[in-house]
Amino acid sequence: ARMDTAELVEDLDEAQRRAVEHGDGPLVVATGAGTGKTRVLTSRVARLIDAGVPPERILLLTFTRRAAAAMTSRAAAMVGDTALAQRIAGGTFHSVAHRVVAEYSQHLGLADVTVLAPDDIVDLIDLLRSEHGLDGTDRRMPTSRAIADIASRAVSLERPGREVISEQFPWALGHVDPIMALLRAYAQRKRSRGLLDLDDLLVAWRSLVRDPDVGARLRARWDWVLVDEYQDVNRVQADIVQELCPDGRGLTVVGDDAQAIYGFRGAGAGQLQEVLDRLPHADLIRLERNFRSTQPILDLANATRPEEFPIRLFADRAAPAVRPELVRCENADDEARAVADRILAAHADGVPLREQAVLMRTGSHSALLEIELTVRDVPFKKFGGIGYLETAHVRDLLAAFRVVLNPHDEIAWYRLLTRHRGLGKVSARRLAGVLADQGIAGGPEAIAAAPATARVGLATTLSLLGVVDGDSPVSELVEACHDAVSTLLEQHYPDWQRRASDVTAVAEAAGRRSDLRSFVGEQAIDPVAASGDWAGQPHLDEDWVTLSTIHSAKGLEWSAVHLLRATDGAIPSDMALTSRAGLEEERRLFYVGLTRARDTLSVYAPDILPTHPTAFTARHVQAKPSRFLTSAALACLDVVDTRVQAPLATAAAPPSPRVRMDGLDALFA
Ligand code: ATP
Ligand code: MG
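Residues numbered from 1 in each chain as written. Chains lettered and ligands numbered in written order. Predicted model: local features only at pLDDT ≥ 70, side-chain atom pairs only at ≥ 80, totals over all residues.

Going by this rule: UniProt positions are given in the numbering used here, feature names are shortened, and annotations may be inferred rather than shown by experiment.
Looking at an unreviewed UniProt entry, one finds the protein named DNA 3'-5' helicase, with Microbacterium azadirachtae as its source organism. For the record of the protein, the UniProt heading Sequence similarities (unreviewed entry) holds the text "Belongs to the helicase family. UvrD subfamily."

Here it is, written out as structure tokens:
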């Protein structure tokens, strides 16, 4: 049964209701954390559907696929019709770009859309380095990952590579020419092989909307465009939104400048203002009340909030509130124990694990905690940082999928070839070229050209993969790839047995899909979301703690939040201290972390930290609580000290004997 519109807006406050009921003129909702921006967006979608708008004419853009799924299911609950709500067009910018680009690949001159995951880019740049003789010993030459970063920033900031290097990678200035040569080779190779990285996907989408013919068709497709977390769009994404809604009709964007945390990707604080400047007739609605957190948590957030944002958050909730705590610990082990203690105590108090999250600046900060939770049998699931799908052996399987789907995929060939015993980088590169040019038909030539020790292995791989092609049924395709990769694991990884079951689990998940191509594309775009349906991961009905980077926790909330490692060097990160802009971005990130908590918030600050997250040989260094914990912030925190007060080493004289041990002296007299 459909609900009527009155019911839809019933619990909303005045300002929220205005936003939900706003007509088709451009609307900007710019306001603080937890004030209901996402809720307003969802209600607005539900109201449109309720008013009879066909859901496929609504484009809902979010930052993560998890967010898109959550909003769709909430809208479904509101309109009381899941099938209807599922027709909403939406997802992340990248996933929508992927669909649009696949649909219009012919227009872009692409026979096939192959998306490079971030790690594939590193592989490709490695390959190009060795072609250019740049994989030598110069230790000051940036890593392939850093070069991939430069390429990405140049595209998303729309700045010449040279400027990006001199402004953001000044330490690499001595190598501008070779870096530029690699960047050119990277762009050129992607073009010649029909490969797109994540930035290219967005650029391709933008080119399509800018094309007079395709653009008109795309504009006609969606009447309503709604974007969450608009503060974090980059230049290209902002252009796409602008091209889709040139006069702002049907456009709603919501966001919070104080939470802009993707500056390094080319988002700039001020994206919301830009929309207001471009569309002077847009309505601006500010929401005042925070519906998420208790006042003591907001007091802390207000005290650490970046100065340039005047919004102060006030809690709507009247519930009795606990003050947030700062937990001082001696070292990282104690920190892990303290977090686990608190998680279990809250759980015993009735807070389910799924209502608790541990947030951190960098994925590696939870290494010791993961061990502690495992030992104590506390289930957890980790988001952000290196995920399951990004592990080397799982990517080997994905590379196999890619070569059978597209035998001209040179990087995937290169990756598989480097897994063969007896094949070094140089021969792998050469053979990858042969196979990418000729496909499986180039097999005999490649085998003949391979070093003698590698020939049998290579022949095995090629014969296993050669029985299928892109038109084979998914089950056969998956089986062939699974067999080929299983053999390679044994040649390449000393701990191959442990890895084999992961590869099988992923193969099974892929085998359940009707379309392997979309499976492979999705995992390149959003590995976290794509791993949602894995065997081996906790099931949805199980209770588990979320471990997440702050970046991946954006927009989400939990009853209890544990903010790990609030020390200088961790947050703000050492890496961000070279510029004022970098430091301010860290401050916003800290603010995002704090504002995820509904009821309780614990911030942890150990005194001594290892220089490396897991190595037993790591050195240990002294750490200080984060500079963001100013005296104003400390005034909002209860300090809990778990450090053992070491007794002062007093050199007291031994007590004088009251009982003499008789007889011994006599023995040695
Ligand atoms: P963020 O900036 O972190 O993305 P947000 O502004 O998008 O936050 P929401 O996630 O939409 O905020 O809402 C925060 C919480 O407040 C959610 O639990 C939501 O259900 C709740 N909420 C929003 N509006 C109301 C309301 N009018 N009455 C009660 N609860 C509300
Ligand atoms: Mg939100």
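1. Overview of the overall build of the protein
Keep this limit in mind: Helix and strand assignments follow DSSP, with helices taken as H or I runs no shorter than four residues and strands as E runs no shorter than two, numbered in order from the N terminus. The exposure label follows from counting other C-beta atoms within 10 Å of a residue's C-beta, where the C-beta atoms are placed from the backbone and the thresholds are 20 or more for buried and 12 or fewer for exposed, leaving partly exposed in between. Note on contacts: residues are paired as contacts if their backbone-placed C-beta atoms lie within 7 Å.
Broken down by element type, the protein carries 29 helices and 18 strands. Out of the 669 residues belonging to the protein, those deemed buried represent 46%. The contacts of the protein with a sequence gap of at least 6 include a subset with a gap of at least 24, amounting to 75%.

2. Digging into helix α22 (residues 455–466)
For clarity, the threshold we go by: Working rule for helices: expected span equals 1.5 Å times residues minus one. In this context, the arc is that of the directions from the helix axis out to the C-beta atoms.
With twelve residues, α22 extends 16 Å from end C-alpha to end C-alpha; this agrees with the ideal 16 Å at 1.5 Å per step. Listing the buried residues of α22 in full gives G457, L458, T461, L464 and L465. One face of α22 carries all of its buried residues, which in axial projection span an arc of 130°.

3. Considerations on the sheet that holds strand β8 (residues 283–285)
Keep this limit in mind: Strands are labelled as partners when DSSP assigns at least two bridges between them. Every angle, taken between N-to-C directions, lies between 0 and 180 degrees, and every axis is a line fitted to C-alpha atoms, over only the stretch in contact when it is a helix.
With parallel pairing, the six strands of this open sheet are ordered in space as β3-β2-β6-β7-β1-β8. Among the strands making up the open sheet, the edge pair consists of β3 (89–92) and β8. Neighbouring strand axes in the sheet, compared pairwise and without regard to direction, differ in orientation by 10° on average. Where strand β2 (residues 58–62) and β3 come together, four bridges link them in parallel fashion. From the neighbouring strand, T62 faces β3, where its bridge partner is T92. On top of the sheet, helix α3 (residues 37–50) reaches β1 (27–30), β2, β6 (224–227) and β7 (251–255); it is set at about 160° to β7, its chief contact. In the packing of helix α14 (residues 271–278) onto the sheet, the strands contacted are β1, β7 and β8, and the crossing angle to β1 comes to about 150°.

4. Focus on the site of ligand 1
Note the cut-off: For each residue, a C-beta atom is placed from the backbone, and the residue is labelled near a molecule or strand when this atom is within 6 Å of it. Throughout, the ten residues Ala, Val, Leu, Ile, Met, Phe, Trp, Tyr, Cys and Pro are labelled nonpolar, Asp, Glu, Lys and Arg are labelled charged, and all others, Gly among them, are labelled polar.
Around ligand 1, the surrounding shell holds 18 residues, and the nearest of these are G36, K37, T38, R39 and F291. A total of three residues in the shell around ligand 1 trace back to one element, the largest contributor, which is α3. Split by residue class, the shell around ligand 1 holds three nonpolar, eight polar and seven charged.

5. Overview of the pairing of strand β11 (residues 325–331)
Alignment of β11 against strand β16 (residues 597–610), held across six bridges, turns out to be parallel. Looking at β16, one finds that R328 is bridged to A605. Pairing geometry for β11 and strand β18 (residues 638–641), over four bridges, is parallel. Within β18, the residue paired with V327 across the bridge is V640.

6. Re the nonpolar core
Definition in use: Residues of type Ala, Val, Leu, Ile, Met, Phe, Trp, Tyr and Cys that are buried and joined through C-beta atoms within 7 Å form what is called a nonpolar core.
If you look at the biggest cluster of nonpolar residues, it comprises 126 residues, and the most contacted ones within it are V45, L397, A400, F401 and C481. With nine residues, the top contributor of residues to this core is helix α18 (residues 392–405). Grouped together as the second largest cluster of nonpolar side chains are 56 residues, L313, A560, L609 and F628 included.

7. Digging into the environment of D409
With respect to the helices, strands and loops of the structure, D409 is situated in the loop between α18 and α19 (410–418). The class for D409 is buried, based on 27 C-beta atoms found within 10 Å. Distance from D409 to I147, taken between C-alpha atoms, is 21 Å for residues 262 residues apart in sequence. With near-sequence residues (within four places) excluded, D409 lies in contact with T114, R402, V403 and A436.

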